[in-house]
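# Structure at a glance
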Amino acid sequence: MERDLAAEHGVSDHVLVLKAQAGDREAFGELVTRYMRRAYYAALGLTGSHDDALDLSQEAFVRAYRARASLDPDRPFYPWLYQIVRRLCFNLQRDRRTRRRRMEEATPWLQDQAGARAAASDPARSAERSELRGRLELAIDKLPEREREVLVLKEFEGLRYREIAELLGIPIGTVMSRLYTARRNLAEILGDVL
Amino acid sequence: MSERGAAAGDERVRRLLMRGLDGELPAEEREELERLLSLDVSVRAEWDRLVRLKEVTDTMKLQQPSDEVWKDYWGSVYVRLERGIGWILLSVGAIVLVSYGLWMGAQELIADTEMPLYLKAAILATTVGVVVLLVSVVREKLFLGSRERYKDVER
């Protein structure tokens, strides 16, 4: 995926990382522009909040810049950045749990494509879909963080098992096991609407 | 799931179900999955439930923010970077100034022979307390945070 982005933008991540390590902020800015969407969506899937996703993904870039000397330019940039994003998100989630903040207060973070299509023609169906989306969000929020992470990467970021395994540094078998447990738990919570 | 039969709980079956569901199953293993689904009722029921769930999640995607978010994104990161440097400079400057002020104050305090001893002790205790708290906060912000940032990342 990194190779695709490098080809698309002309300059490889490797070159940009080397320049950023030399203190070139424009090069780092190019890396930010290149990966801001992935970082944001990763954080959104993990936190379920636009504000938190924006804040934490930006904070991850700031920390990445400060720690740039420790990055090996021969290794892909995004998996390294992702480790920072997920750590920040997990810390926030743990802090949230201790403060017992409820997700019901949050704004929707999933978009229902089928519901959007039904909205104009069938209000009743649209309301039904809206409820389903809300229940799915709550069900995902109840998942343990590792299961949630794999589920989000698979379902909403559309990564293949191999890509998830590489990103998280775990075997493909573990990806499948976590995904299975996540889906089984989701199915249990959503039981009556499936 | 536990009440749905032993076969569905098997790790290999779970992985077959997942790869079948996500379209990552080679042809030969697809035949194995289909055979399993036709022979084991509990696996079939689990499969059907997972397919229904997949149908729901497939219709959902992550909310997209407005275009303004992307336009302002790098600017916000840049501002944070600048503020970080600003805070470091401010902290270093404040430490030097406060240290100098404390040193001068301490010299005056020691030289003052009219002030009662207990009052000198109280001023000293308050000053040392403030300094300890200040150093603790600065140390946490500047050093502990950066040192612990990645070491216990869970994989």
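Residues numbered from 1 in each chain as written. Chains lettered and ligands numbered in written order. Predicted model: local features only at pLDDT ≥ 70, side-chain atom pairs only at ≥ 80, totals over all residues.

## A look at the overall build of chain B
Basically, it comes down to this: Here a helix means four or more residues in a row that DSSP labels H or I, a strand means two or more in a row labelled E, and each is numbered from the N terminus. To assign burial, the other C-beta atoms lying within 10 Å of each residue's own C-beta are counted, with C-beta atoms placed from the backbone; 20 or more indicates buried, 12 or fewer indicates exposed, and intermediate counts indicate partly exposed. By the convention adopted here, residues are in contact when the distance between their C-beta atoms, placed from the backbone, does not exceed 7 Å.
A count of helical and extended segments in chain B gives six helices and one strand. Within chain B, the fraction of its 155 residues that count as buried is 13%. Contacts in chain B between residues far apart in sequence, at least 24 positions, make up 56% of those at least 6 positions apart.

## So, the overall build of chain A
Helices and strands together make up the secondary structure of chain A, namely ten helices and one strand. Listed by position from the N terminus, the elements making up chain A come as α-α-α-α-α-β-α-α-α-α-α. Once local pairs closer than 6 in sequence are excluded, the contacts in chain A between residues at least 24 apart make up 63%.

## Remarks on helix α2 (residues 11–21) of chain B
Among all positions in α2(B), only Val13(B), Arg14(B), Arg15(B), Leu16(B), Leu17(B), Met18(B) and Gly20(B) are buried. Backbone geometry just after α2(B) places Gly23(B) at a positive phi near 70°.

## Quick notes on the packing of helix α4 (residues 50–66) of chain A against helix α5 (residues 67–111) of chain B
Rules: Fitting a line to C-alpha atoms yields each axis, with helices limited to the stretch in contact; the angle taken between N-to-C directions then spans 0 to 180 degrees. When an angle is under 35 degrees it counts as roughly parallel; over 145 it counts as roughly antiparallel; between 65 and 115 it counts as roughly perpendicular; any other value is oblique. Crossing chirality is assigned from the near helix's rotation relative to the far helix, an anticlockwise turn below a right angle marking it left-handed and a clockwise turn marking it right-handed. In this classification, the charged set is Asp, Glu, Lys and Arg, the nonpolar set is Ala, Val, Leu, Ile, Met, Phe, Trp, Tyr, Cys and Pro, and all remaining amino acids, among them Gly, are polar.
For the pair α4(A) and α5(B), the least separation of the axes is 9 Å and the interaxial angle reads 50°. Our classification of the angle between α4(A) and α5(B) gives oblique. In the crossing of α4(A) with α5(B), the sense of the turn from one axis to the other is right-handed. Contact with α4(A), carried on its side by Leu54(A), Gln58(A), Phe61(A), Val62(A) and Tyr65(A), involves Val69(B), Ser76(B), Val77(B), Arg80(B), Leu81(B) and Gly84(B) of α5(B) and no other residues of that element. For the contact of α4(A) with α5(B), the residue count by class is seven nonpolar, three polar and one charged.

## A closer look at the domain arrangement of chain A
Residues and elements named next belong to chain A. Test applied: Domain start and stop points were drawn from an automatic or database domain assignment.
Assigned domains of chain A: these are domain 1 (1–101) and domain 2 (118–194). Between the C-alpha centres of domain 1 and domain 2 the distance comes to 23 Å. Taken together, the contact pairs ten residues of domain 1 with eleven residues of domain 2. Of all the secondary structure elements, the ones that give two or more residues to the side of domain 1 that touches domain 2 are α3 (25–47) and α5 (77–98). A per-class count over the side of domain 1 that touches domain 2 returns six nonpolar, three polar and one charged.

## Here we look at the environment of Val128(B)
Looking at the secondary structure, you find Val128(B) in helix α6 (residues 117–147). Take Val128(B): there are 11 C-beta atoms within 10 Å of it, and that puts it in the exposed class.

## Some thoughts on the nonpolar core
Generally speaking, nonpolar side chains in soluble globular proteins are found buried as a group. Residue and element names in this part refer to chain A. Definition in use: In this usage, the nonpolar core is the set of buried Ala, Val, Leu, Ile, Met, Phe, Trp, Tyr and Cys residues whose C-beta atoms join them within 7 Å.
Counting residues in hydrophobic clusters, the biggest one holds 65 residues, and the most contacted among them are Val 32, Ala 39, Ala 43, Ala 60, Leu 81 and Val 85. Broken down by element, this core gets its largest block of residues, twelve residues, from α3. Ignoring sequence-local partners within four residues, the contact set of Val 85 consists of Ala 39, Ala 42, Ala 43, Leu 56, Ser 57 and Ala 60.

## Quick word on the interface of chain A and chain B
Short version of the rule: Here, strands pair whenever DSSP counts at least two bridges between them.
Contacts between the two partners involve 47 residues from chain A, matched on the other side by 34 residues from chain B. A per-class count over the side of chain A that touches chain B returns 26 nonpolar, eleven polar and ten charged. Alignment of strand β1 (residues 110–112) of chain A against strand β1 (residues 60–62) of chain B, held across three bridges, turns out to be antiparallel. Residue pairing for β1(B): Leu110(A) is matched across the bridge by Leu62(B).

## Observations regarding helix α7 (residues 123–142) of chain A
Residue and element names in this part refer to chain A. Threshold: By this rule the span expected of a helix is its residue count minus one, scaled by 1.5 Å. Read the arc as the range of directions from the helix axis to the C-beta atoms.
Here α7 spans 29 Å end to end across 20 residues, near enough to the 28 Å set by a 1.5 Å rise per residue. Of the residues making up α7, those classed as buried are Arg 129, Leu 132, Arg 133, Leu 136 and Ile 140. Burial along α7 is one-sided: seen end-on, the buried residues are contained in an arc of 105°. Away from its buried face by more than 90 degrees, α7 exposes Pro 123, Ala 124 and Glu 131.

## Brief notes about the packing of α3(A) against α4(A)
Residue and element names in this part refer to chain A. Where α3 contacts α4, the two axes come as close as 8 Å, and the packing angle between them is 140°. Here α3 lies oblique to α4, going by the angle between them. Here α3 and α4 pass one another in a crossing that is right-handed. Within the contact between the two elements, α3 uses Phe 28, Val 32, Met 36, Ala 39, Tyr 40, Ala 43, Leu 44 and Thr 47 and α4 uses His 50, Asp 52, Ala 53, Leu 54, Leu 56, Ser 57, Ala 60, Phe 61 and Tyr 65.

## Concerning the confidence of the model for chain B
Residue and element names in this part refer to chain B. Heads up, the rule is: The quantity called pLDDT is the predictor's confidence in a given residue, expressed from 0 to 100.
Per-residue confidence for chain B averages 84 on the pLDDT scale, and 85% of its residues sit at or above 70. Taken element by element, the predicted model of chain B shows its lowest mean pLDDT in helix α1 (residues 6–9) (53) and its highest in helix α4 (residues 41–58) (94). In the predicted structure, residues 1–6 sits below a pLDDT of 50 and forms eleven contacts with residues beyond four places in sequence or in another chain. Scored below 50 in pLDDT, residues 147–155 shows eight contacts in the model against residues more than four places distant or in partner chains. Both scores are available for the predicted complex, with the pTM at 0.77 and the ipTM at 0.82.

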